[in-house]
Amino acid sequence: MAVQQKYRREEVSEVSCCLKYIIFSFNVLFWMFGLSVMAVGVWAWTEKNAFNNLSKLTHLALDPAFALILIGGITFIIGFTGCIGALRENTCLLGSYAVLLAVILILELTAGVLTFVFKDSIKSQATEGLQTFIVHYREDPDQQNLIDWIQEDWLQCCGIKGPEDWDLNNYFNCSSQKVGSREACGVPFSCCKRKLNEIVENKQCGYDVRKEGFYAEKWTSLNLPTQTGERNIYERGCMRAAEEWVEDNFIGVLTTVMTVTILQILGICFAQNLRADIFAQKGKWH
């Protein structure tokens, strides 16, 4: 007759409640943040009716809404595994949480090293890749709003290398004047320098600014003597503006990177320590 072996727990669980609820609390916020970001991305796709027209998403990597869905989804999964794993003392979920954080940390460190070692090559490839945003500027409202925000509000720049990059776009190409494009030889309004005390933004300020003899025509149309001067647009490209922004905010950028890295390492260590506590308690069952 087989004897059924009974297991009983001799002691009350000694899993660190402090460690457990630190992981739980942090990842609840992480989980909700990821869910919110993903919801915004899904809402943006719904507004564009993208789910019913997936064939139109030929440049998926350039879609800001897709980027939000991807980032939000990854954040949601990491937060979920950490939150539920800690709350339920599930070693499998905690292990997955630690592995995900470790993979992301390794990818970030690898990207940082490669960027430092192959700076010029990566800069050249990034420039070519970002110019694709200009080519498809009018095809996606989210992408268009993102470019306008970068040029007008964040970096105050125009184009990737300069205003002439907008010749890559069919609407702003100078040859488009032959087919009646009013924006031909111009730039988007986000390239224009805002005037002091300007209440209503002039959406047509970028018309014809790259056209040869633009200033002569302008002053003649106003019945004023011909004058020369700088164009009322940002002349520096966004790539150079971004480099200058990083140099000006280097301490803040470095602090942010170090903080994120330390939090990831702490998350991995805390998850592994909690798993060790759980395994130690399970070892006391007999």
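One structure accompanies this document, and this report is about it. Just so it is clear, the structure is predicted and the values come from calculations on it, not from any experiment.

### With respect to the state of the cysteines
No. 1: Here the structure, examined in full by the defined rule, presents four disulfides.
No. 2: One disulfide in the model links Cys-174 with Cys-185; its S-S distance is 1.9 Å. Taking the sign of the S-S torsion, about 110° here, the bridge from Cys-174 to Cys-185 comes out right-handed. Residue Cys-174 is located in the loop between helix H5 (141-154) and helix H6 (214-221), and its partner Cys-185 is located in the loop between H5 and H6; the two are separated by eleven residues in the primary sequence.
No. 3: You can call Cys-185 buried: its relative accessible area is 7%.
No. 4: The disulfide partner of Cys-192 is Cys-205, and the gap between their sulfur atoms is 2.2 Å. With the S-S bond torsion at 110°, the cross-link from Cys-192 to Cys-205 turns out right-handed. Of this pair, Cys-192 sits in the loop between H5 and H6 while Cys-205 sits in the loop between H5 and H6, and the two are 13 residues apart along the sequence.
No. 5: Judged by relative accessible area, which is 24%, Cys-205 ranks as partly exposed.
No. 6: Shown here for the chain is a disulfide pattern of 1-8, 2-5, 3-4, 6-7, where each number marks a bonded cysteine counted in sequence order.
No. 7: The structure places no disulfide on Cys-17, whose sulfur is separated from the nearest cysteine sulfur, that of Cys-18, by 8.8 Å.
No. 8: Judged by its relative accessible area of 51%, Cys-17 is exposed.

Cut-offs used in this document
Residues numbered from 1 in each chain as written. Predicted model: local features only at pLDDT ≥ 70, side-chain atom pairs only at ≥ 80, totals over all residues. Heavy atoms only, no water. Disulfide = S-S within 2.5 Å. Helix = DSSP H or I, 4+ residues; strand = E, 2+ residues; numbered from the N terminus. Buried < 20%, exposed > 50% of the residue type's maximum accessible area, 1.4 Å probe, protein only.

These values are about where atoms sit, not about what they do.
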